[in-house]
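Fold and geometry: a report
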Amino acid sequence: MSTSFLIVQSGLAERLRKSRWPARLDLLQSGTGLLLAIFMWGHMFFVASILLGETAMWSITRMFEGYFFLGDAHPRLVSGAAAGVLLLFVLHALLALRKFPASYRQYHILRAHIKAMRHEDSRLWIWQVYTGFALFFLASAHFYQMLAWPQNIGPYASADRVWSDGLWPFYLLMLLAVEVHGGIGLYRLAVKWNWPGLSRNFLKRLKWGLTGFFLVLGLMTLGTYMKIGFEHQARYGERYRPAELPAWLERLAPEGDFPRRDPKEDAP
Amino acid sequence: MSAETFHRHITLNILRYNPQDADAEPRLQSYALEEADGMTLFIALNELREHQDPTLQFDFVCRAGICGSCAMMVNGRPRLACRTLVAELPAESTLTPLPFFELIGDLSVNTGKWMRGMSERLETWLHARETEPDLQRIEERMAPEIAEAIYELDRCVECGCCVAACGTAQMRPDFAGAVGFGKIARFRADPRDTRDDDDYFELIGDDTGVFGCMSLLACHDVCPKSLPLKTQIAFLRRKMALIA
């Protein structure tokens with residue numbers, strides 16, 4: 001065993017030269033948070049493609065499955081991407097845990113402090129803790145779905161999951177938690193590193209604007225999936241097949257013979 | 001406007017507790033008094049002590065926002081009593097001692113004890129790597145902008161408001177606090193101090209230091225001297241992160 005371990009075990013850690021890890025962990029927490037926030041926005045736009053129509057959402061789903069590049073749809077590509085994001089998520093959650101109140105005593109003091117102080121940024125932080133805690137469970141369940149059944153993404157498949165499988169309350173909660181957490185997180189990231197050096201007032205207005213925009217977009221998107229799912233419930237399990245694609249996209253489709261048999265048709 | 005409206009009757013609910021008395025329980029005691037023109041909270045407290053309750057404990061020295069002694073929680077937020085006009089407060093206000101620091105009694109806390117400990121831990125004094133100080137040497141000239149930057153950071157009066165407002169400090173009693181970071185930033189800006197960022201990392205490069213700061217920024221928002229704490233902490237965080 002190294003001497004430094006023995007020194008730390010002996011309660012003399014303060015006598016050692018300071019580890020560089022707290023700095024690295026801080027950078028990693030900020031970095032993973034930034035990447036997850038960027039992902040979250042991209043994801044929201046992709047999912048919201050349903051607002052442009054079922055064919056738009058189908059095309060985006062197929063694009064991520066490599067249909068337009070590889071000649072066939074490979075839903076496992078989506079699982080692979082989800083696994084990468086899961087890794088970021090787990091790392092971010094692990095690092096964020098360092099900041100959580102770790103005992104009832106700490107929580108009790110902090111709660112009283114925030115309530116009495118009536119300070120907006122402190123209050124926003126406690127909401128970040130609450131929503132982050134909720135995401136431990138909500139996002140984990142969503143990741144499991146995407147890893148295990150990546151073939152069940154599509155205009156009808158997703159709508160069936162939202163409506164007939166009764167998951168819309170789950171998505172509603174996750175939407176609220178993600179948008180609140182991510183919005184506050186990005187604002188805090190900007191003030192924490194003072195980059196870009198914009199004023200706090202501007203950053204806060206931007207933060208609320210973006211949170212509001214993505215919440216409205218998310219609610220409209222969820223509402224659309226619920227509507228499609230409701231109308232499609234009698235044909236639960238049936239997959240969407242576009243009648244036709246825009247000419248430019250059809251040129252990208254394999255063998256140029258679109259519409260053709262959808263490989264997802266075989267999926268249960 | 002009638003004198004009646006102008007001079008309100010105000011109520012101050014003050015947390016009373018004597019930690020030296022084993023039987024004492026913390027309690028709120030209400031005091032009523034008439035507001036006067038230009039009355040600060042410091043004046044109001046003195047009036048209470050002189051005319052209503054000589055046992056009331058609170059601190060003050062300068063009465064002008066320079067000594068930092070009269071910091072207390074006013075309606076849940078840290079403020080200097082001498083810089084708080086009663087006219088700014090509602091008709092009924094609550095005064096409690098600064099949290100985090102050792103309580104002497106009522107509104108009086110021992111900020112000095114903690115400040116000294118923090119100063120010793122963060123070595124907030126000029127470090128010049130000289131083997132033998134030359135007392136005859138003329139002090140080197142300093143560019144005015146550097147002197148001003150140092151002066152700007154040296155305006156801290158160590159009142160403790162930033163630490164009392166800090167959510168991190170409430171959870172972590174070993175947290176250095178914005179006052180500590182301000183002092184490190186002050187010596188880092190001073191060309192006479194020969195320490196480099198590796199040395200400063202040894203002082204604030206962990207979770208009790210700059211990486212423990214959660215950027216809640218209450219320190220920045222309550223600082224009675226309006227010190228640029230947000231930018232200074234972010235600056236130190238960037239510099240310390242570069243060491244990693």
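Residues numbered from 1 in each chain as written. Chains lettered and ligands numbered in written order. Predicted model: local features only at pLDDT ≥ 70, side-chain atom pairs only at ≥ 80, totals over all residues. Heavy atoms only, no water.

When helices and strands are counted, chain B shows 10 helices and seven strands. If one aligns the C-alpha atoms of chain B with their principal axes, the spans along those axes are about 65 × 40 × 35 Å. The burial tally for chain B puts 48% of its 244 residues in the buried class. Within chain B, contacts between residues at least 6 apart in sequence are counted, and of these 62% link residues at least 24 apart. Surface exposure of chain B reaches about 11900 Å², of which carbon and sulfur atoms provide 51%. (Helix = DSSP H or I, 4+ residues; strand = E, 2+ residues; numbered from the N terminus. Buried < 20%, exposed > 50% of the residue type's maximum accessible area, 1.4 Å probe, protein only. Contact = heavy atoms within 4.5 Å. Areas by Shrake-Rupley, 256 points an atom, 1.4 Å probe, with all protein chains shown as cover.)

The helix and strand inventory of chain A stands at 11 helices and zero strands. In sequence order, chain A lays out its α and β elements as α-α-α-α-α-α-α-α-α-α-α. Judged by the C-alpha coordinates and their principal axes, chain A covers about 70 × 50 × 35 Å. When the 268 residues of chain A are sorted by exposure, 46% land in the buried category. Counting every atom, chain A has about 14500 Å² of accessible surface; 69% of that belongs to carbon and sulfur.

The topology assignment puts Arg20 of chain A in the loop between helix H1 (3–9) and helix H2 (21–47). At a separation of 2.8 Å, a polar atom in the side chain of Arg20 of chain A contacts the side chain of Asp198 of chain B. The contact partners of Arg20 of chain A, leaving out residues within four places of it in the chain, are Asp198, Phe201, Glu202, Ile243 and Ala244 of chain B. (Polar contact = N/O pair within 3.5 Å; in protein donor to acceptor, adjacent residues only side chain to side chain.)

All names here are of chain A. Between helix H7 (residues 120–148) and helix H10 (residues 200–232), the shortest axis-to-axis distance is 13 Å and the interhelical angle comes to 35 degrees. Judged by the sense of rotation from one axis to the other, the crossing of H7 with H10 is left-handed. Side by side, H7 and H10 meet where Glu120, Asp121 and Leu124 of the first sit next to Arg200, Lys204 and Trp208 of the second. Across the contact of H7 with H10, the residue classes break down as two nonpolar, no polar and four charged. (Axes fitted to C-alpha atoms, helices over the stretch in contact; angles between N-to-C directions. Left-handed = near helix turned anticlockwise from the far one by under 90°. Nonpolar A, V, L, I, M, F, W, Y, C, P; charged D, E, K, R; others polar.)

Turning next to the interface of chain B and chain A. Tallying the contact residues gives 39 residues for chain B and 31 residues for chain A. A combined buried area of about 3100 Å² lies between chain B and chain A, and 56% of that area is made up of carbon and sulfur atoms. The largest share of the area that chain B buries against chain A comes from Met171, Glu202 and Leu216 of chain B, three residues that together contribute 20% of it. Linking chain B to chain A there are seven salt bridges. Notably, a salt bridge pairs Arg17 of chain A with Glu202 of chain B, separated by 3.6 Å at the nearest N-O pair. The interface formed by chain B and chain A contains 14 residue pairs in polar contact (both at pLDDT 80 or more). Broken down by secondary-structure element, the contributors of at least two residues to the side of chain B that touches chain A are strand E4 (77–80), helix H5 (161–165), helix H6 (167–171), helix H8 (197–204), helix H9 (218–222) and helix H10 (229–243) of chain B. Sort the elements by how many residues they give to the side of chain B that touches chain A and H10 of chain B lands first, with eight residues. (Buried area = accessible area lost by both parts, 1.4 Å probe. Salt bridge = Lys/Arg side-chain N within 4 Å of Asp/Glu carboxyl O.)

Below, the discussion takes up the side chain of His232 of chain A. Residue and element names in this part refer to chain A. Relative to the elements of secondary structure, His232 occurs in helix H10. What makes His232 buried here is its relative accessible area of 1%. Ignoring any residue separated from it by four or fewer positions in sequence, one finds His232 in contact with Tyr156, Asp160, Gly237 and Glu238.

All names here are of chain B. In this structure, Leu12, Ile14, Leu45, Leu95 and Ile204 are the most contacted members of the largest nonpolar core, which totals 73 residues. The greatest single-element share of this core, amounting to six residues, is contributed by helix H7 (residues 177–189). If we ignore the near neighbours within four places in the chain, the residues touching Leu45 are Ile14, Leu56, Phe58, Met72, Ala81, Leu95 and Leu107. (Core = buried A, V, L, I, M, F, W, Y, C linked by side-chain atoms within 4.5 Å.)

Here the focus is the sheet that holds strand E3 (residues 71–74) of chain B. Residues and elements named next belong to chain B. Taken in spatial order, the five strands of this open sheet run E2-E1-E5-E3-E4, and their pairing is mixed. Two strands lie at the open edges of the sheet, namely strand E2 (27–34) and E4, each paired on one side alone. If you compare each strand with its neighbour and ignore which way they point, the axes differ by 35 degrees on average. Here helix H2 (residues 41–51) sits on the sheet and contacts strand E1 (9–16), E2, E3 and strand E5 (92–96); the angle it forms with E2, its principal contact strand, is near 100 degrees. (Pairing = 2+ DSSP bridges.)

This part covers the pairing of E1 of chain B. Residue and element names in this part refer to chain B. Of the pairings in the sheet, the one linking E1 to E2 comprises eight bridges and is antiparallel in character. Each bridged residue has a counterpart across the sheet, and for Arg16 the counterpart in E2 is Arg27. Here E1 pairs with E5 via four bridges, running parallel. Across the sheet, the residue bridging to Asn13 is Thr94, located in E5.

Turning next to the packing of aromatic side chains. Residues and elements named next belong to chain A. Throughout the structure, instances matching the rule amount to 25 aromatic pairs over all chains. Through a chain of ring-to-ring contacts, the aromatic side chains of Trp41, Phe45, Phe213 and Phe214 assemble into a single cluster. Between the NZ or CZ atom of Arg24 and the centre of the ring of Trp21, over which it lies, the distance is 4.9 Å. One Lys or Arg, Lys207, reaches over the ring of Trp208 and ends 3.9 Å from the middle of that ring. (Phe/Tyr/Trp six-rings, centres within 6.5 Å; stacked < 30°, edge-to-face > 60°. Lys NZ or Arg CZ within 6 Å of the ring centre and 35° of its normal.)

What follows is about the packing of H2 of chain A against helix H5 (residues 76–96) of chain A. Residues and elements named next belong to chain A. Where H2 contacts H5, the axes come no closer than 9 Å and their chain directions differ by 135 degrees. Compared by their axis directions, H2 and H5 come out oblique. The chirality of how H2 crosses H5 is left-handed. Taking contact as the criterion, the partners of Leu25, Leu28, Gln29, Thr32, Gly33, Leu35, Leu36 and Phe39 in H2 are, on H5, Val85, Leu88, Phe89, Leu91, His92, Leu95 and Ala96. When the residues that make up the contact of H2 with H5 are grouped by side-chain class, the tally is 11 nonpolar, four polar and no charged. (Parallel < 35°, antiparallel > 145°, perpendicular 65-115°, else oblique.)

In short, geometric facts, not functional conclusions.
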